[in-house]
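Given next are the chains, with one letter for each unit.
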Amino acid sequence: MIEIEQLYKRFGKNEVLKDLSLAFRQKGIISAILGPNGSGKTTLIKSILGMVLPTRGRIRAFGEDIRGRWTYRDKISYLPQIARFPENLRATELFDMVKDLRQRDTRDKALIELFELEEHLQKPLAYLSGGTRQKVNLVLTFMYDNPVYILDEPTAGLDPLSIIRLKQLIHHEKECGKIVLLTTHIMSLVEDIADEVVFLLDGHIHYRGSIPQLKADYQASDVEQAIARLLAGEESPEKAFTLNPS
């Protein structure tokens, strides 16, 4: 459904993406896009969404080149890492505004119940905690039944129970044949829900493989250890250190 061919993106002298080719075609797959800060994850996501224009290369979504187009985005649900809402609006007003813009059937009532937002619907968004605002963000993301979901740090600010419910929701979308792309620094989340890892380093795809293959390739018992060894290369990820008093 999403095909990326020889993608380059430069910001001034800083080349963020370098000849990156990648495709997400198989339905019912959760792909974790990982990498250290500055590896190109956010630029890649924003390029797919048309929020960043590549310097060179091509992106196709649902069989069409996205350059100069915007209607394809109606088939993609996007959860930004930091959602910026109009602070004076109530949550229910925000949901109604989005529904007015996108005249389609929604699932907001079920999601509001799932994340226990009923008591917060009439509160101005400025008064909501960070975790509650993230729940509002999740309702906005999943309220439309789309074939592709892109989630940027989806567990940020959530309590343990809400994280469990989010995992259940993502698994449900997978079972319904959706493509889910997510970025996260929480390796336990990758271990629990992802089918594969796409690891970016310096604007390149440094590794792509299933979770079992990743752990086998790096002789690791879990994803966190495998990623540490991937980053360390030939070095041991467990470096010795000493904290000397000043």
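Below is a short write-up of the structure. Just so it is clear, the structure is predicted and the values come from calculations on it, not from any experiment.

Turning to the pairing of strand 9 (residues 196-201), a few remarks are in order. The buried fraction of strand 9 is high, at 5 of 6 residues. Bridge count between strand 3 (residues 29-34) and strand 9: 4 bridges; the pairing is parallel. Counterpart to Ala32 in the pairing with strand 9 is Val197. Where strand 9 lies against strand 10 (residues 204-210), 6 bridges are found, and the strand directions are antiparallel. Bridged to Leu200 within strand 10 is Ile205. Between strand 9 and strand 10, which pair antiparallel and follow one another directly, the connecting turn spans 2 residues, one of which, Asp202, has a positive phi of 55 degrees.

Turning our attention to the nonpolar core. Inside soluble globular proteins, nonpolar side chains tend to come together where they are buried. Residues Val136, Phe142 and Val190 are the most contacted members of the largest nonpolar core, which totals 48 residues. If sequence neighbours within four positions are ignored, Val136 has contacts with Phe85, Ala91, Leu94, Phe95, Leu117, Leu125 and Leu128. Ile4, Val16, Ile48 and Ile150 belong to the second largest nonpolar core, which has 24 residues in total.

What follows concerns the side chain of Thr184. With respect to the secondary-structure elements, Thr184 resides in the loop between strand 8 (179-183) and helix 6 (187-193). A distance of 2.9 Å separates a polar atom in the side chain of Thr184 from the backbone nitrogen of Ile186.

If you check the backbone angles, Asp19 has positive phi at about 55 degrees while not being a glycine. Look at Asp19 and you get partly exposed, because its relative accessible area is 38%.

Here we take up the packing of aromatic side chains. A complete count under the given rule lists 2 aromatic pairs for this structure. Between Phe142 and Tyr149, the aromatic rings sit 5.1 Å apart at their centres with planes inclined by 20 degrees, giving stacked as the arrangement. On the basis of relative accessibility, which here comes to 1%, the residue Phe142 falls in the buried class. Looking at Lys9, its charged tip hangs above the ring of Phe11, at a distance of 4.9 Å from the centre.

Moving on to the environment of Pro36. Residue position: Pro36 is located in the loop between strand 3 and helix 1 (41-48). For Pro36, a relative accessible area of 28% corresponds to the partly exposed category. Put simply, Pro36 and Phe199 are 163 residues apart on the chain and 8.9 Å apart in space, counted from C-alpha to C-alpha. Discounting chain neighbours no more than four positions away, the residues touching Pro36 are Lys41, Phe199, Leu200, Leu201 and Leu231.

Counted residue by residue, helix 1 has 6 buried out of 8 residues, so it is predominantly covered. Listed in full, the buried residues belonging to helix 1 are Lys41, Thr43, Leu44, Ile45, Ser47 and Ile48.

As summarised here, the arrangement of the 4 strands in space is 2-1-4-5, forming an open sheet in which the pairing is antiparallel. The strands lining the two open edges of the sheet, one partner per strand, are strand 2 (14-24) and strand 5 (64-65). Here 5 bridges tie strand 1 (residues 2-11) to strand 4 (residues 56-61), and the two strands are oriented antiparallel to one another. Bridging across to strand 4, Glu3 finds its partner in Arg60. Packing against the sheet, helix 1 makes contact with strand 1, strand 2 and strand 4, and its axis sits at approximately 120 degrees to strand 1.

As a further point, take the pairing of strand 1. Relative to strand 2, strand 1 runs antiparallel, the two sharing 7 bridges. For Ile2, the partnering residue across the bridge sits in strand 2 and is Phe24. Hairpin connection from strand 1 to strand 2: 2 residues lie between these consecutive antiparallel strands, with Gly12 at a positive phi of about 65 degrees.

Thresholds applied
Residues numbered from 1 in each chain as written. Predicted model: local features only at pLDDT ≥ 70, side-chain atom pairs only at ≥ 80, totals over all residues. Heavy atoms only, no water. Buried < 20%, exposed > 50% of the residue type's maximum accessible area, 1.4 Å probe, protein only. Helix = DSSP H or I, 4+ residues; strand = E, 2+ residues; numbered from the N terminus. Pairing = 2+ DSSP bridges. Core = buried A, V, L, I, M, F, W, Y, C linked by side-chain atoms within 4.5 Å. Contact = heavy atoms within 4.5 Å. Polar contact = N/O pair within 3.5 Å; in protein donor to acceptor, adjacent residues only side chain to side chain. Phe/Tyr/Trp six-rings, centres within 6.5 Å; stacked < 30°, edge-to-face > 60°. Lys NZ or Arg CZ within 6 Å of the ring centre and 35° of its normal. Axes fitted to C-alpha atoms, helices over the stretch in contact; angles between N-to-C directions.

From the geometry alone we can't say anything about function, so treat these as descriptive.
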